[in-house]
Amino acid sequence: MSTFVDGAQIHVKAGNGGAGSVSFRREAHVDKGGPDGGDGGNGGDIWLLASTNVSSLLRFRDFPHRAAENGSHGAGKKKHGITGKGLIVEVPVGTVVKGPEDNVVADLDEAGKKWLAAKGGQGGRGNTRFLSNSKRAPSFAEQGEVGEEFWYDLELKLAADVAIIGFPNVGKSTLISVISAAKPKIADYPFTTLVPNLGVVHVGDRQDFSEFIVADIPGLIEGASEGKGLGHEFLRHIERAKALLVLIDPSSDAPLAPEAQLTVLMAELGAYMADLLDRPRLTVISKMDSADPSVIDELLSQGTASMAISSATGQGIRQLLSELEVLVRAGRKVEEVGEDEIVIHRPMPQNFQVVRDSDGVFRVIGRSVERTVAISSITTPEAIDYIQSRLKKLGVDRALKRSGAREGDEVRIAGFSFDYQESI
Ligand SMILES: Nc1nc2c(ncn2[C@@H]2O[C@H](COP(=O)(O)OP(=O)(O)OP(=O)(O)O)[C@@H](O)[C@H]2O)c(=O)[nH]1
Ligand SMILES: [Mg+2]
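Residues numbered from 1 in each chain as written. Chains lettered and ligands numbered in written order. Predicted model: local features only at pLDDT ≥ 70, side-chain atom pairs only at ≥ 80, totals over all residues.

### A short note on the domain arrangement of the protein chain
Reasoning step 1: Domain annotation of the protein chain identifies domain 1 (5-157), domain 2 (162-336) and domain 3 (353-419).
Reasoning step 2: For domain 2 and domain 3, the distance between their C-alpha centres works out to 66 Å. (Domains from an automatic or database assignment.)

Next up, the structure:
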């Protein structure tokens, strides 16, 4: 519908991988059996999922942090650690995710679209994995990899699920102020509302909840479809609403009788856009506290409206919300037909990079190299040998040389610091 933009930040922390274990078999008569340290479990991933259960980014503003579980550590007897539980974070359909440079990294524009926001760290390999002909008793294992951690900006162009329609002064703004956190201007004269107000309505409890967005728009009058009153401008905001809530003023001082209000409103909607008349719709009597109960009974029994409410006393509001929820769900179902779940993976950079800091230190950045140095007992000569030969294989030596590293220069990889040696 409109240009209302909801924004929030989310912080995601995927689970760390568990550490690999250093362990040796205990066998009778053998001093030290073969290595039997199991691998650490992988950390849980965090995914964002476009879901129609949520309509706004409000929850992230209150609490932006989301974390997945860590993998557990490996153990002796080749026991592998348990994979950390991943997390699926539901976001409203239409959420755009932006990275640190304001670049769009995901556009979750269809229900069921999923995006990997933070990858869990891989579990470290246990010492069993380092067994070779030359290394019969490897005394080191890998640390688990640290899970990815990011801040993202979330943006959502809000579209109303329900548009409240009615004559000026019928109580549209009062209603939205009662069912949502919206605080529109309310006054006892027509055309108080000049621009639409959106409000997020929560139904249900924490575990089983749903949300939908309601738009309070300026009042409509006869001729609105031709531009009278606040006219056209605001009918536009009704176009994409999934359901319509029509409010009728039953009081004797209303400018038109209830049936006539309904007739005029329907005629204006139809004249503006014929298929608005096919939209799921609920017609409700407003301000029931201020009207003669017999008038209300009559309107209900003759089918002019299906229920009555009072924003002043709260009568009928709970029932109204559950009826609206049903309408919104039905409207959303129609939209979702035929959609399959689409999974988008974010490619992880596998290469490494050598950068020179202002203090002259060479830093090597990249997943594969950082993983290599993540060995638990990096102090054993054996582990250092392993790291050196592995870094050489990955081409780190050559890359450092090309970047101008000289004998004795400091090289840092993921928090470890080495002296560069030409010969390694
Ligand atoms: N007694 C009673 N008065 C109500 C109720 N709801 C709204 N009103 C009053 O009706 C008047 C108009 O309310 P608004 O909510 O501003 O009406 P609106 O439909 O948004 O009006 P416009 O923005 O001009 O189209 C205000 O004086 C409200 O206090 C109700 O349930 N009972
Ligand atoms: Mg209003």
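### Describing the sheet that holds strand β17 (residues 362-365)
Reasoning step 1: Taken in spatial order, the 4 strands make up an open sheet running β16-β17-β18-β19, and their pairing is mixed. Strands at the two margins of the open sheet, each flanked by one partner only, are β16 (353-356) and β19 (416-419). Sheet twist, expressed as the mean angle between neighbouring strand axes with direction ignored, is 25°.
Reasoning step 2: Pairing of β16 with β17, which is carried by 4 bridges, proceeds in the antiparallel orientation. Bridged to Val355 within β17 is Arg363. (Pairing = 2+ DSSP bridges. Helix = DSSP H or I, 4+ residues; strand = E, 2+ residues; numbered from the N terminus. Axes fitted to C-alpha atoms, helices over the stretch in contact; angles between N-to-C directions.)

### Describing the site of ligand 1
Reasoning step 1: Residues in close proximity to ligand 1 total 23 residues, the closest being Gly171, Ser173, Asp188, Thr193 and Gly219.
Reasoning step 2: No other element matches the 3 residues that helix α2 (residues 172-179) contributes to the shell around ligand 1. (Near = placed C-beta within 6 Å.)

### A short note on the pairing of strand β13 (residues 281-285)
Reasoning step 1: As paired elements, strand β12 (residues 243-248) and β13 share 5 bridges and run parallel to each other. Opposite Leu244, over in β13, you have Arg281 as the bridge partner.
Reasoning step 2: Crossover β12 to β13 through helix α4 (residues 258-272) is right-handed.
Reasoning step 3: Read as a crossover between parallel neighbours, the route from β13 over helix α5 (residues 293-301) to strand β14 (residues 307-308) is right-handed. (Right-handed = clockwise from strand over helix to strand, strands pointing away.)

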